[in-house]
Amino acid sequence: MELSINTPALLFPAISLVMLAYTNRFLALSSRVRNLHDKYHAHDQKQVIWGQIKNLRYRLKLVKHMQTLGVMSFLMCILCMYLVYLTYDSLAKIVFGVSLLLFAGSLFLSLLEIRLSTRAIELELSDMEGLEDPSVLEYLKNKLEGKE
């Protein structure tokens, strides 16, 4: 396989957009933690709020690790481009492979965080009647039949 300087450069926009999304996630989570922290000191239901803060704290750690792996992937792409420039092709291929693995790890952690996020939202909505979570097939069947 021929590895040109353009190959790792193709990952730059993807990694940049993912990092922007991760930063937005982090900002939203940290804002939510601050709001819950204020509620914790003002309300009597401290146990419920404490559980939510604990969940958010774990998700913030996931976002931190997602960002770390994303930045490491970005740096490895830069190193790979430099190695291609110096014509160390076999080493450049290894570094590029590591960069792809780091990026994949970052995306995997992102998937875990998204799943935790949706589970937390489902828990908050669970005390409301009529919000049962149908399967995807049931949802599509209801939409096709015109049921809301």
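Here we summarise the structure given alongside this text.

About the criteria used
- Residues numbered from 1 in each chain as written.
- Predicted model: local features only at pLDDT ≥ 70, side-chain atom pairs only at ≥ 80, totals over all residues.
- Heavy atoms only, no water.
- Helix = DSSP H or I, 4+ residues; strand = E, 2+ residues; numbered from the N terminus.
- Buried < 20%, exposed > 50% of the residue type's maximum accessible area, 1.4 Å probe, protein only.
- Contact = heavy atoms within 4.5 Å.
- Areas by Shrake-Rupley, 256 points an atom, 1.4 Å probe, with all protein chains shown as cover.
- Salt bridge = Lys/Arg side-chain N within 4 Å of Asp/Glu carboxyl O.
- Core = buried A, V, L, I, M, F, W, Y, C linked by side-chain atoms within 4.5 Å.

With that out of the way, let us pick up the overall build of the chain. The helix and strand tally for the chain stands at 5 helices and 0 strands. Traced from its N-terminal end to its C-terminal end, the chain shows the element sequence α-α-α-α-α. Taken across its 148 residues, the chain has 26% of its residues classed as buried. Of all intrachain contacts in the chain linking residues separated by at least 6 positions in sequence, the fraction that spans at least 24 positions is 76%. Accessible surface computed for the chain: about 10,700 Å², of which carbon and sulfur atoms make up 64%.

Attention now moves to the pattern of salt bridges. According to the stated counting rule, one finds 2 salt bridges in the structure shown. The residue Arg25 makes a salt bridge to Glu113 at a minimum N-O spacing of 2.7 Å. You can see Arg25 sitting in helix α2 (residues 11-42) and its partner Glu113 sitting in helix α4 (residues 89-125), a full 88 residues away along the chain. Overall, the relative accessible area of 1% leaves Glu113 in the buried class. A salt bridge links Arg59 to Glu113; the shortest N-O distance between them is 2.8 Å. Placement of Arg59 in helix α3 (residues 46-85) and of Glu113 in helix α4 is noted, with a sequence separation of 54 residues between them. One salt-bridge network, held together by shared partners, links Arg25, Arg59 and Glu113.

Within soluble globular proteins, side chains that are nonpolar generally end up buried alongside one another. Judged by nonpolar contacts, the single largest core of 27 residues is most densely connected at Leu3, Ile15, Cys80 and Ala92. At the level of secondary structure, the elements contributing two or more residues to this core comprise α2, α3 and α4. Of the residues forming this core, the biggest block, 12 residues, is contributed by α3. Residues within four places of Ala92 in sequence aside, it is in contact with Leu3, Cys80, Leu83 and Val84.

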